[in-house]
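# Observations on the model geometry
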Amino acid sequence: MYLRLAKRALLETDKRLVAKFAWLMGYKGLRSVVKHKSRLKRGEFFPPFLYISVINSCNLRCQGCWVDVSAKQEKIDVAAMDSLLNQAKAMGNSFFGILGGEPFMHADLLEIFERHQDAYFQVFTNGHFITDEVAKKLRKLGNVTPLISIEGTEIISDERRGRGGVYSKSMEGIENCTRNKLLTGVCTSLCQTNFDDLLQEKWLDRLIEMGVFYAWYHIYRIVGPEPNPQLALTPEQQYQARKFVVEMRCKKPIAIIDAYYDADGNALCPAATGFTHHISPYGDIEPCPVIQFAKESIYDERPLKEVFQESEFLSGFRDLAATNTRGCIILERPDLLNDYARKHNAKDTTARSAAYTELDNLQTSPSQYNPGREVKEKSWAYWLLKKFAFHDYGAYGRHFDLKNWRPTIKDGEAVNQPHPPLVQLETPSEKS
């Protein structure tokens, strides 16, 4: 499988782009993790990866979106991005996730990428603004990987995204990227309407045929002004998704990403572990994109290094989340998050000024934490990478006790109570 993936990289993409990915995202990205570990040993903190929402505007109106896409446009300008990125790079960071809204609606986005050739950017996008011309510019830059969201078949995708023609336009964006030999990814927010269609080998086979190099499966989050809880996956479906990802990593010549589990299949939250935090279009520094509360901003007078180090709100959030669940606190314990934000008098960072009300109205729901049903990585490459770079950094070891965890209750019954531990006979291996 690894040989087939390497062959694809050599034959189907621009080798210069592969080399830049290996250097900026591979070597320098791992080095940022090493620096992060060293800081933690000294009692210091700065996340090794940052996600930055550069603009709130979007051309779509997706179900369950938490971004104020219809509000007056707000974006992080070039000067502010220069300051933010330069300060993060000074701490050793080299990888940045770029979100929106729709990032390509930011008129200066390509200029930002060009000004920071020593960093690597992953852009979460619907693909509608990636014309052949834009794809050619991205190829010339070489430090950007587009991650284009596909939310189902044509009918389902258009329903999920709020208008007709969305699916075909996104597929056109993918084709523009792969035709220009970009390292292209496709992501899906798994929910009830696309679970059976996209969590399939035939979907991965189609992506491979199109020239896509990686797939990323997110889990639908019940957040925002219209949370649509009927779309959320059950614990059993989340377990099936994890098994599928682990098995396909050993079978298909395409990288498959998930963001919620370590090498041994233990659930984790990247924000609770301190692996990453989020910058909003307004410059607010939030725990993660879906938790829209903040006490600090990139526009504060203090250097960003001091802001992260001294933030009682962010450090307290990490402790709170790691104490009460290995999953997602906004799903499992919106009550705790609500109390915590109010205790700190945290700013509601939404333009709609409704984040507290939305938390008040949220019902508990299961997240990725499903104790006793851990699925260990089978691919030795993924297992080693996660062991080194994507784990809890001791956060759960310091704080979490299963006795603190409260299963989600629905109709008077626990829907994700602890299971007897599964017997894991497999060892990390590689299957061709």
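Residues numbered from 1 in each chain as written. Predicted model: local features only at pLDDT ≥ 70, side-chain atom pairs only at ≥ 80, totals over all residues. Heavy atoms only, no water.

## A look at the packing of helix α2 (residues 15–41) against helix α5 (residues 132–141)
Between α2 and α5, the shortest axis-to-axis distance is 9 Å and the interhelical angle comes to 55°. Judged on the interaxial angle alone, α5 and α2 are oblique. The residues of α5 that touch α2, namely those facing R16, L17 and K20, are R139, K140 and L141. The residue inventory of the contact of α2 with α5, partitioned by class, reads 2 nonpolar, no polar and 4 charged. (Axes fitted to C-alpha atoms, helices over the stretch in contact; angles between N-to-C directions. Helix = DSSP H or I, 4+ residues; strand = E, 2+ residues; numbered from the N terminus. Parallel < 35°, antiparallel > 145°, perpendicular 65-115°, else oblique. Contact = heavy atoms within 4.5 Å. Nonpolar A, V, L, I, M, F, W, Y, C, P; charged D, E, K, R; others polar.)

## Some remarks on the side chain of H36
Within the secondary structure, H36 is located in helix α2. Leave out the neighbours within four places in its chain, and H36 touches F45, F46, P48, G274 and Y393.

## Observations concerning the environment of T364
Its place among the elements puts T364 in the loop between α16 (355–361) and α17 (380–389). Classification of T364 as partly exposed rests on a relative accessible area of 28%. Ignoring any residue separated from it by four or fewer positions in sequence, one finds T364 in contact with L331, E332, P334, R406, T408 and I409. (Buried < 20%, exposed > 50% of the residue type's maximum accessible area, 1.4 Å probe, protein only.)

## Describing the sheet that holds strand β7 (residues 255–257)
Each strand in a sheet pairs with its neighbour through backbone hydrogen bonds, running either in the same direction (parallel) or in the opposite one (antiparallel). Pairing within the open sheet is mixed, and its 10 strands lie in the order β7-β6-β5-β4-β3-β2-β1-β8-β9-β11. In this open sheet, the two edge strands, each paired with only one partner strand, are β7 and β11 (296–297). Relative to strand β4 (residues 144–149), strand β3 (residues 120–125) runs parallel, the two sharing 5 bridges. Along β4, the bridge assignment pairs Q122 with T145. Together, β5 (185–190), β6 (214–219) and β7 form the strand contacts of helix α9 (residues 201–210), whose direction differs from that of β6 by roughly 140°. (Pairing = 2+ DSSP bridges.)

## Regarding helix α15 (residues 334–343)
For α15, every residue scored as buried is listed here: P334, L336, L337, N338, Y340 and A341. Among the structural elements, β10 (293–294), α13 (312–324), α14 (329–332) and α16 are those in contact with the buried residues of α15. Among the residues trailing α15, N345 stands out with phi positive, at a value near 50°.

## Digging into helix α7 (residues 166–179)
Here α7 contains 14 residues, and its C-alpha end-to-end distance of 20 Å stays within 8% of the 20 Å for a straight helix at 1.5 Å per residue. All buried positions along α7 are accounted for by V166, Y167, S170, M171, G173, I174, N176, C177 and T178. Residues of α7 that are buried make contact with α5, β4, α6 (154–161), β5 and α9. (Expected span 1.5 Å × (residues − 1).)

## A few points about the nonpolar core
A general feature of soluble globular proteins is that nonpolar side chains tend to end up buried together. I52, I98 and I330 are the most contacted members of the largest nonpolar core, which has 124 residues in total. The contact partners of I98, leaving out residues within four places of it in the chain, are I52, V54, M81, P103, L109, F113, F121, Q122, V123 and F124. Counting 5 residues, the second-largest nonpolar core is a separate cluster that includes L60, V67, V69 and V166. (Core = buried A, V, L, I, M, F, W, Y, C linked by side-chain atoms within 4.5 Å.)

## Here's the deal with the environment of N59
Residue placement: N59 occurs in the loop between β1 (49–53) and α3 (78–90). The spatial distance from the C-alpha of N59 to the C-alpha of S70 is 9.2 Å, given a sequence separation of 11 residues. Excluding anything up to four places from it in sequence, N59 contacts E102, M105, N126, H128, F129 and R163. At a separation of 3.2 Å, a polar atom in the side chain of N59 contacts the side chain of H128. (Polar contact = N/O pair within 3.5 Å; in protein donor to acceptor, adjacent residues only side chain to side chain.)

## Some points on the packing of aromatic side chains
The tally for this structure, following the rule as stated, stands at 18 aromatic pairs. Connected via pairs of aromatic rings, a cluster forms that spans F49, F95, F275, F390 and Y393. A cation sits over an aromatic face here: R221 above Y260, 4.7 Å from the ring centre. (Phe/Tyr/Trp six-rings, centres within 6.5 Å; stacked < 30°, edge-to-face > 60°. Lys NZ or Arg CZ within 6 Å of the ring centre and 35° of its normal.)

## Some details on the UniProt feature "domain: Radical SAM core" (unreviewed entry) in the chain
The sites that carry the UniProt feature "domain: Radical SAM core" (unreviewed entry) are, in the present numbering, residues 52–183. Across residues 52–183, the secondary structure splits into 39% helix and 14% strand, with the terminal C-alpha atoms separated by 20 Å. (UniProt positions renumbered as here; feature names shortened; annotations may be inferred.)

## Describing the pairing of strand β2 (residues 95–99)
For β2, a buried count of 5 out of 5 residues is recorded, marking the element as mostly surrounded by other parts of the structure. Of the two faces of β2, the one holding F95, G97 and L99 and the one holding F96 and I98 are both buried throughout. Relative to β2, β1 runs parallel, the two sharing 4 bridges. In the strand pairing of β2, Y51 is matched with G97. Once the chain exits β1 it traverses α3 before rejoining the sheet at β2, and the crossover so formed is right-handed. Two strands pair when backbone bridges link them, and β2 and β3 are joined in this way by 4 bridges, in the parallel orientation. Pairing of G97 across the sheet is with Q122, part of β3. (Right-handed = clockwise from strand over helix to strand, strands pointing away.)

## Section: the side chain of Q368
One can find Q368 in the loop between α16 and α17. Residue class for Q368 comes out buried when judged on its relative accessible area of 4%. Leaving out residues up to four positions away in the same chain, Q368 has contacts with R221, Q238, Y260, Y261, A267, L268, C269, R326, G327 and C328.

## Some remarks on unusual backbone geometry
Of the consecutive residues G100 and G101, the connecting peptide bond is found in the cis state with omega at 10°. Tracing the backbone through its elements, the reader meets G101 in the loop between β2 and α4 (109–115). Positive phi values are uncommon outside glycine, yet N228 reaches one of about 50°. Along the polypeptide, N228 turns up in the loop between β6 and α10 (235–249). For Y393, which is not glycine, the phi torsion reads 50° and is therefore positive.

## Some points on the layout of surface pockets
The calculated volume of the second largest pocket comes to roughly 420 Å³. Lining the second largest pocket are 17 residues, and of these I222, T364, S365, P366 and K410 lie nearest its centre. A class-by-class count of the residues in the lining of the second largest pocket yields 10 nonpolar, 6 polar and 1 charged. (1 Å grid on protein atoms, 1.4 Å probe; cavity = no way out; pocket = protein on both sides within 12 Å on 5 of 7 lines; lining within 4 Å. Points joined across faces, edges and corners; volume = space filled by probe spheres on them.)

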